[in-house]
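Tertiary structure, described
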Amino acid sequence: MGETFLKKLEKEMIPSLPDRVTHTCAQIEFKDGTPVNFKILRGLDKEFNDMLIEQMQQMPKWSPAIYREKPAAKKMVQTVTLGIDETEIH
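Predicted, not measured: the structure shown is a model, and the values here were computed from it.

**Quick notes on the pattern of salt bridges**
- Applying the stated criterion to the full structure yields two salt bridges.
- Between Glu-12 and Lys-8 there is a salt bridge whose closest N-O contact spans 3.5 Å. With a gap of four residues between them, Glu-12 and Lys-8 both fall in helix α1 (residues 2-13), about one helical turn apart.

This is the structure in structure tokens:
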């Protein structure tokens, strides 16, 4: 589930890359299971980072981490890799 969402997000965010940026790797921290409290650990400019957080907030809930047979809150760090296929640049 999460992988499908992230692949779609990566494709949708490519047009949002700032001019002259063809590749980036953003890291986002959030709590496992619930798409809230996002924090950009590594990103681009404020506009791009804000848009990435806005898109990540649309993510469906993930299955929470399990500790001693109970759901446990766990911070996650997700890497989002964006890149323009340079053969498509004219």
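The structure having been displayed, the exposition proceeds.
**Some details on the sheet that holds strand β5 (residues 75-83)**
- If you trace the three strands from one edge of the open sheet to the other, you get β2-β1-β5, paired in antiparallel fashion. The open sheet is flanked by β2 (39-42) and β5, the only strands paired with a single partner. Between one strand axis and the next, the sheet turns by 30° as a mean value, whatever way the strands run.
- In the sheet, strand β1 (residues 23-31) pairs with β5 via nine bridges, with the strands oriented antiparallel. Counted as the bridge partner of Cys-25 is Thr-81 from β5.
- Sitting on the sheet, helix α2 (residues 46-56) touches β1, β2 and β5, and the angle it makes with β1 is about 50°.

**Some words on the environment of Gly-43**
- Take Gly-43: it is sitting in the loop between β2 and α2.
- By relative accessible area, Gly-43 is classed as partly exposed at 31%.
- A sequence separation of 36 residues divides Gly-43 from Thr-79, and the C-alpha atoms of the two residues are 9.9 Å apart.
- Among all residues touching Gly-43, those that are not within four sequence positions of it are Ala-26 and Asn-49.

The rules behind the values
Per chain, residue numbering runs from 1 following the sequence as it is written. pLDDT decides what is reported in this predicted model: residues at 70 or higher carry local features, side-chain atom pairs at 80 or more are listed and counted, and totals for whole chains, interfaces and linings draw on all residues regardless. Note that the side-chain values use all heavy atoms of the structure and ignore hydrogens as well as water. In the sections that follow, a salt bridge refers to a side-chain nitrogen of Lys or Arg positioned within 4 Å of a carboxyl oxygen of Asp or Glu. Helix and strand assignments follow DSSP, with helices taken as H or I runs no shorter than four residues and strands as E runs no shorter than two, numbered in order from the N terminus. In this scheme, strands are said to pair when DSSP sees at least two bridges between them. Only the stretch in contact is used when fitting a helix axis, every axis being a line fitted to C-alpha atoms; angles between N-to-C directions are given from 0 to 180 degrees. Any pair of residues with heavy atoms lying within 4.5 Å of one another is described as a contacting pair. We call a residue buried when its accessible area falls under 20% of the maximum for its residue type, exposed when it is over 50%, and partly exposed in between, using a 1.4 Å probe and counting protein chains only.

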